[in-house]
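Inside the fold
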Amino acid sequence: MANILCIDDDMDVIEFLTLTLKAAGHTVETAPDGKAGFAKALTFLPDLIVLDVMMANTTEGVGTAFDIRGNEKIRHTPILMLTSINQEFGNAFKLQSDSSSLPVDDFVEKPIASKTLLEKVSRLLAKPKA
Amino acid sequence: MYSELETLKLAVVDDELGIRLGVSSILADMTMDIPDVGCRIRLQVSSWADGESFVGSLDSNVPQIVLLDSKLPGIGGMEILEGTLSKRPDVVTIMITAYATLESAVRATKLGAYDFLAKPFTPEELRVTVRKAIHHHVLAAQARRLMEEKRTVRFQFISVLAHELKSPINAVDGYLDLIRNRMLGDELASYDGMIERSSLRIAGMRKLINDLLDLTRIESGQRIRNPEPLVLEDLARAALEGQENAAREQGIRIDLTAEPGLSIHADRMEMEMIFNNLVSNAVKYNRPGGTVQVTLSRREDQVEVQVTDTGWGMSAEETARLFSDFVRIKNEHTRDIPGSGLGLSLVKKLSSLYGGSVEVESEPGVGSCFRVRLPFQLSSAGIGGAVLKETDHG
Ligand SMILES: Nc1ncnc2c1ncn2[C@@H]1O[C@H](COP(=O)(O)OP(=O)(O)OP(=O)(O)O)[C@@H](O)[C@H]1O
Ligand SMILES: [Mg+2]
């Protein structure tokens, strides 16, 4: 089982993620914003990071993803990004169809179903390390 | 005074060389001041001997104003107006008509021309007509800009609102998913916490919708306002009472110091909103065992409501963001405190509605102080009676 870091500013989403991932046998750490999450990633060295795209401002999650990718210690950690951005921004962001523009490995759309979350997590953890 | 010198492009399309040369030389060094928008206009004139080459030039270079001869050898002025120019509503067209007949002028106007000049025209006639067209162009451009800005603001507002409404739905959806999948086993009591949190999130969403309606009603002037003389101290006391329970839970003390005789002529509910928001914030964002000091005083022709707390405070960057819709400062202290982020925005809108103001001073780790100033009205023996003159706050 894996060490997973969840970064989201909504305490109820954090609660959901923690319960779901722990029930599947993972060890979970959490952080309420991008800055704290990045700091925690450096010490916790997780196997996977679940990252909300939209924290205090619309680009915070995106910035955090770039920070992670720019750091030698954690740059290869798979990132699963939580979004609910598509409907809100229409065509401004086409995240799902274009993960190449963002340094993340996969997306989960909110509201998150625990089944989908666990499937995506297992798939990412099974991927051979780059 | 006219800080901006703007160059507008004017094209003259006429097969008569005399007209082209005349227009170019008359308009070449004309400048025009537009006081309404504080800019000075200069013209850059280009001329075309036939319709085809003018239409061709539009792909790369669109003038703001066109002087267009209605009778041209090839494609005629009316055709250009009806065809190419009809797709460019921002171009101001002045038709040059050979025969000063009413019909051709009416027809050109129907096709979208702004004005017309009848040949032969004097330099002064030309200048007057072009001046009018420039003025029209500048005001229309400004109106378009404002409309565009309004659309952007509206789009941003709706985007943020959508996010604020979706967050609680997502949270509740998550809990329902866990309950549906019996993530904590078959014991119903294990899910009490999730059900409680779900109720809280739904309550928060309901509050957001109600706050939003209040805000919109006030902004759009839909709310019927009943200005009446109000004793400031009574308003403050009612707000303190409203926060009593919340304060007691946190061991927070609230003190009120009021200069006697302060009153204000205002709508009661709107004043209650100001007081409630400030006092509730001072309690919500305070630390356990902290204090809230409410001070009412007179500042010349205004009354000042000052609410000081000993809470977690805010940095300068954070206070700079306050007073806009949905702004919430997120940190470890505020994370679990529910709110819509509309309270201070409402306080600001209401204060300005009454010709007042709101300001904040805050220091991280020490506390915050919010000050609202409103126009003062002398409180006399006649509070609530007929002695006070009705003043119009409309
Ligand atoms: N007295 C205060 N001390 C510290 N922070 C404050 C204080 N008052 C407001 N804030 C910060 O400003 C933010 C905006 O306040 P505002 O009253 O507009 O919204 P809210 O309290 O979050 O929600 P509500 O719309 O329910 O009032 C708050 O979320 C909080 O972070
Ligand atoms: Mg508030």
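Residues numbered from 1 in each chain as written. Chains lettered and ligands numbered in written order. Predicted model: local features only at pLDDT ≥ 70, side-chain atom pairs only at ≥ 80, totals over all residues. Heavy atoms only, no water.

Quick look at the overall build of chain A now. In terms of regular secondary structure, chain A is built from five helices and five strands. N-terminal to C-terminal, the α/β element order of chain A is β-α-β-α-β-α-β-α-β-α. Taking the contacts inside chain A whose residues are at least 6 apart along the sequence as the reference set, 67% of them involve residues at least 24 apart. When the accessible surface of chain A is totalled, it reaches about 5,800 Å², and 54% of it is carbon and sulfur. (Helix = DSSP H or I, 4+ residues; strand = E, 2+ residues; numbered from the N terminus. Contact = heavy atoms within 4.5 Å. Areas by Shrake-Rupley, 256 points an atom, 1.4 Å probe, with all protein chains shown as cover.)

Attention shifts here to helix α7 (residues 232-249) of chain B. Residues and elements named next belong to chain B. For α7, built from 18 residues, the straight-helix expectation of 26 Å at 1.5 Å per residue is met to within 8% by its first-to-last C-alpha distance of 27 Å. The axis of α7 is deflected most strongly, by about 50 degrees, at Q243. Three or more residues of α7 are buried, namely L232, L235, A236, A239, L240, Q243 and A247. Each element contacted by the buried residues of α7 is listed here: β7 (227-231), β8 (253-258), β9 (262-267), α8 (268-284), β10 (291-299) and β11 (302-309). Phi turns positive, to about 65 degrees, at G251, one or two residues after α7. (Expected span 1.5 Å × (residues − 1). Bend = angle between axes of the 7 residues up to and from the residue. Buried < 20%, exposed > 50% of the residue type's maximum accessible area, 1.4 Å probe, protein only.)

All names here are of chain B. Strand order in the open sheet formed by six strands is β2-β3-β1-β4-β5-β6, with mixed pairing between adjacent strands. With one partner strand each, in any of the chains shown, β2 (31-34) and β6 (115-118) form the two edges of the open sheet. Direction aside, the axes of adjacent strands within the sheet are offset by 25 degrees on average. Lying on the sheet, helix α1 (residues 17-28) is in contact with β1 (4-13), β3 (39-48), β4 (65-69) and β5 (92-97); it crosses β3 at an angle near 165 degrees. Against the sheet, helix α5 (residues 123-180) touches β1, β2, β3, β4, β5 and β6, its axis set at about 40 degrees to β2. (Pairing = 2+ DSSP bridges. Axes fitted to C-alpha atoms, helices over the stretch in contact; angles between N-to-C directions.)

What follows concerns the interface of chain A and chain B. Chain A puts 20 residues into the contact, and the matching count from chain B is 22 residues. Here chain A packs against chain B, burying approximately 1,900 Å² in sum over the two surfaces, 59% of which is carbon and sulfur. If you look at where chain A meets chain B, you find four salt bridges. Notably, a salt bridge pairs D10(A) with R201(B), separated by 2.7 Å at the nearest N-O pair. Taken together, the links from chain A to chain B amount to seven residue pairs in polar contact (both at pLDDT 80 or more). Put simply, the parts of the chain that give the side of chain A that touches chain B at least two residues each are α1 (11-23) and α4 (85-89) of chain A. For the side of chain A that touches chain B, the element with the most residues is α1(A), which contributes seven residues. (Buried area = accessible area lost by both parts, 1.4 Å probe. Salt bridge = Lys/Arg side-chain N within 4 Å of Asp/Glu carboxyl O. Polar contact = N/O pair within 3.5 Å; in protein donor to acceptor, adjacent residues only side chain to side chain.)

All names here are of chain B. Taken together, the neighbourhood of ligand 1 is formed by 20 residues, with K207, N281, D309, R328 and L344 sitting nearest. Note that an oxygen atom of ligand 1 is positioned 2.9 Å from one of the backbone N or O atoms of G341. In the environment of ligand 1, an oxygen atom lies 2.9 Å from a nitrogen or oxygen atom belonging to the backbone of L342. In isolation ligand 1 has 590 Å² of accessible area, and contact with the protein removes 98% of it. Here the shell around ligand 1 gets three residues from one element, more than from any other, and that element is α8. (Near = heavy atom within 4 Å.)

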